[in-house]
Amino acid sequence: MRRSPDVTPFWRDARILSVVAQVLFVVVIAAGLWGAKVTLDRSLVRQNIRLDWRFFKQPAGFNLTALTWTVDLKTLSLKRYSPEDSYAEAIIAGLFNTIKVAILGIALALILGVLVGVARLSRNWLVSRLALGYVEVLRNTPLLVQLFFWYFAIFLQLPQGTPDNPPLTLFNSFVVLTNSGLAIGGTLTERFGRLVVDGGFQMHSEFAALVVGLAVYTSTFIAEIIRGGILAIPRGQMEAARSMGLSYRKALRLVVLPQALRIIIPPLGNQFLNLTKNSSLAIGVGFADMLTSAMTVASQSFRALETFTFVTLAYLALSLVISAILNLVRARLALPGT
Amino acid sequence: MKKTLAYVLAVVITVATVSYVVHAQAPRSRLDVVKARGRLICGISGSTVGFSFVEPRSGEMAGFDADFCRAVAAFINVPSVEFVQLTSASRIPAVIAGSVDVVFRTTTVTFSRDQQVDFGPVTFYDGQRLLVRTASKIRGLDDLSGARICTQTGTTSERNITDQMRLRNLKFELITFAQPKEAFDGFVAGRCDVWTTDASQLTAFRATAPNPREFMVVGPPFSDEPLAPVYQENDSKWADAVNYTVWGLILAEELAITQITAGSEGRLKEIGDKNPDAKLLITAGDGAAMRAVRAVGNYAEIYNRYFGPAKITAIPRPGTRNALGRNGGAMTSRPFR
C-alpha cells in the first residue's frame, strides 16, 4: 500500500517533535527544581533551620557609618535612614550606598582608564612606560590589599585636626581636609581636642578610600581594554585619515575611537560589573555598603540565610540593570544590519 | 529523541541520587563527627589580643579562647585542633552551616541569638566600656555629644552604643570595622574619638599601643556581656562535651588541681584520696577533665596566662564576676558525680 505523502506519522513530524522536545525540557527543568526544593527543605529541617522572612520588619537598632537615604517601605518614599528603621530598610540604605560607590567609581575608573589606555599607546617612551608600570603594579596586587593601603596608609594619615596637626584648609576653611574626610561648606568646631566639621557636604575617608581604590584598580583593566580596542582597528584607518589631512588627534577622535568603541563596550561592561561587585569589599575599610549592613543584620538577627538570599538577589538585580544599560548603548552604537 | 531521553534519564537519576544521599544521612552528633575526623575545628577571632592571636615567637595560635579550644579537644581525646578565623559577623553562619564545630570568639549570649544556635557555659564575664585618648577629657557616655565612635560590625557593642546614645539624645557618628584590630587602628590613627567594645578587648589592645598612657578605658560598664562558646542547636551530646570541658576547668581551679598536678598520677591519687569530689572529677569520663587540664591548665591558669597581673594585657579578676563563686564571683562549676 502506498502512503500518501501528506500523512506523516506524528513521531516523525519535525514540528510536533520540536514542541514535544520543548515540553519535555520544561518538565525536566521543573523536576530538577522540584528535586532541589525537596532536598533543600529536608536539609533545612535536618539542620533545624526554619526560614522566617518576617524578621526583616523588626527595627534595626544600629547606625550606619555614612548616614544615608533609604526607602520607607510603608509609604515607598525616600527618607533619611535612622536606627528605628527596619532591617529591610537598613539593607536598602546600604544598597543606596553601594549604588553611590558604583556610579562614582565607574565614572572615575573610566576617565582614568581611558587616559592610561591612550598613554600606553603614546609614542613618548616615558609616558608609555609609566602607563605600563601603573597597569602592571596595580593590576597584579589584590584589591583588598590596595583598599587597606588607601585607607590605613593614605586617608587615615591625613592630618587628625589636633592643634599640632591642623586640618588642611582652602578658601578660609570652606574646604577642609582631615583624616575624617573632605568637607565642603561646613563649620569648623573643636571637639575632644580635634577640629571637626559640622554640616556642609562631607565625603568620609572610608567612602573616598573605597571609591579611589576601586576606580584605580578597575582603571588598569579598562586601560588594557581601551588599548586593545584601538589596536584592533586596522592601521589603514589611521593612515587613511592622516592622508586626508586630519591631525593625529582628530584622526583618533573622529575615525579610530568611534570604531574602537564598538569593540570596547562589551568587555567594558564586564569591568563595570566587576567594580560594582567588588564594592562589597567595603567591609574591610568600614564603609556601610549593602554587604556591611547585611552582615550586621545577619549577625544581630542570626538570620543569615534569609539576609544573604535578599542580598544575592539585590546584587543580581543591580548587575542586570548595568548589563541592560550597556546593551542599550551597544545597540545604539551597532552598525545597522549587524 | 534518544539523546533527549538520555538527558532526561541523566537528570532524573542525578536528582534522585542527590536527594537520596542527602536524605539518607542519619543525624549524627557532632561528637561522633569530630572523633571520626580526629581533629577539632574551632572558630576563633585570630586577631584579638589576649583572646586569640598568633604568638609572635612560636607562630602558634594562643590566647584565652584558643586555649579553651585545645581543652575541648583534649577533653574528647582528639589529637589536634584546627583554628578557623572568623569575624564577628561570620561566626554564627559558620556555626549554623556546621563548618566549625564550636566557636570561642568573645561571643555574648543573647536571647535572639539563642533562637538559632546554642550557648555553652560562660567563660568570661565582660561589659562594654569606652577607650578614649587621655587628653580628650571624655570620661563617660554623657560626654560623647557629637563624637566619632569606632566599633565592630555585627557585634552587640554596635547596638548597645546606638541604644545608649539615642537614650541620651546625643548626635554621633559611627564607624564600624570587621575586626577589632582594624577598629583599634582606626582609633589610634585618629579617625574616631572613642573606641567602644567589651572592656577586656579595650584593655588588651590598649596594652599593645605604642604608648598605652595616651589612652585610657573610662566609664562604668554599660552593658552585660557574658561570653560563651557557641555550637549548633539540638545536639545535646556535643553540648555536654563542650559544657563539661568548661566546668571541668573551673572545678579543677576550685579543687586546686593545676597543670602540673594533673600531669602526675601520684599527686592526683593523693588529692583524690583526700577529697571525694576531686576523685570524681579526676576519674570522670576516663579522666577527660584531667586531659583538658594537662593540655592547658585549670581556669585560673588560663586566665593568668593572658590576663594575669604580670601581663601587659592584665585584667584584674578578684572582685569581678570572673572570680570563683566561693570568692564572690560568678564562675561556678557543676558536680562531676
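Here's a quick rundown of the structure. If you're wondering where the values come from, they're calculated on a predicted model, not measured in any experiment. (Residues numbered from 1 in each chain as written. Chains lettered and ligands numbered in written order. Predicted model: local features only at pLDDT ≥ 70, side-chain atom pairs only at ≥ 80, totals over all residues. Heavy atoms only, no water.)

### Section: the sheet that holds strand 3 (residues 52–54) of chain B
All names here are of chain B.
Part 1 of the reasoning: One open sheet holds the three strands; their spatial order is 2-3-4, and the pairing between them is antiparallel. At either margin of the open sheet sits one strand with a lone partner, and together these are strand 2 (47–48) and strand 4 (61–62).
Part 2 of the reasoning: For strand 3 and strand 4, the ladder comprises two bridges, and the chain directions are antiparallel. Within strand 4, the residue paired with V54 across the bridge is M61. (Pairing = 2+ DSSP bridges. Helix = DSSP H or I, 4+ residues; strand = E, 2+ residues; numbered from the N terminus.)

### A look at the sheet that holds strand 5 (residues 181–184) of chain A
Hydrogen bonds between backbone atoms are what pair the strands of a sheet, whose relative direction is either parallel or antiparallel.
Residue and element names in this part refer to chain A.
Part 1 of the reasoning: Taken in spatial order, the four strands make up an open sheet running 3-4-5-8, and their pairing is antiparallel. Edge positions in the sheet fall to strand 3 (168–170) and strand 8 (201–204), since each of these pairs with one other strand and no more. Adjacent strand axes in the sheet meet at a mean angle of 10 degrees, parallel and antiparallel pairs treated alike.
Part 2 of the reasoning: Taken together, the three bridges between strand 3 and strand 4 (residues 175–178) define a ladder with antiparallel strand orientation. Each residue of the ladder has a partner; that of L170, found in strand 4, is V175.
Part 3 of the reasoning: Contacts from helix 5 (residues 205–232) reach strand 4, strand 5 and strand 8 within the one sheet, and its direction differs from that of strand 8 by about 60 degrees. (Axes fitted to C-alpha atoms, helices over the stretch in contact; angles between N-to-C directions. Contact = heavy atoms within 4.5 Å.)

### Topic: the interface of chain A and chain B
Part 1 of the reasoning: In this complex, chain A contributes 49 residues to the contact, which on the side of chain B involves 54 residues.
Part 2 of the reasoning: Summed over both partners, the interface of chain A with chain B comes to about 4200 Å²; 56% of that surface belongs to carbon and sulfur atoms.
Part 3 of the reasoning: The interface formed by chain A and chain B contains one salt bridge.
Part 4 of the reasoning: Among the salt bridges present, the one from R191 of chain B reaches E206 of chain A, with a minimum N-O distance of 2.7 Å.
Part 5 of the reasoning: Put simply, chain A and chain B have five residue pairs in polar contact (both at pLDDT 80 or more) between them.
Part 6 of the reasoning: Listing elements by their share of the side of chain A that touches chain B, those giving two or more residues are helix 1 (14–46), helix 4 (143–154), strand 7 (194–198), helix 5 and helix 8 (290–301) of chain A.
Part 7 of the reasoning: Broken down by element, the side of chain A that touches chain B gets its largest block of residues, eight residues, from helix 1 of chain A.
Part 8 of the reasoning: Split into classes, the residues belonging to the side of chain A that touches chain B amount to 20 nonpolar, 21 polar and eight charged. (Buried area = accessible area lost by both parts, 1.4 Å probe. Salt bridge = Lys/Arg side-chain N within 4 Å of Asp/Glu carboxyl O. Polar contact = N/O pair within 3.5 Å; in protein donor to acceptor, adjacent residues only side chain to side chain. Nonpolar A, V, L, I, M, F, W, Y, C, P; charged D, E, K, R; others polar.)

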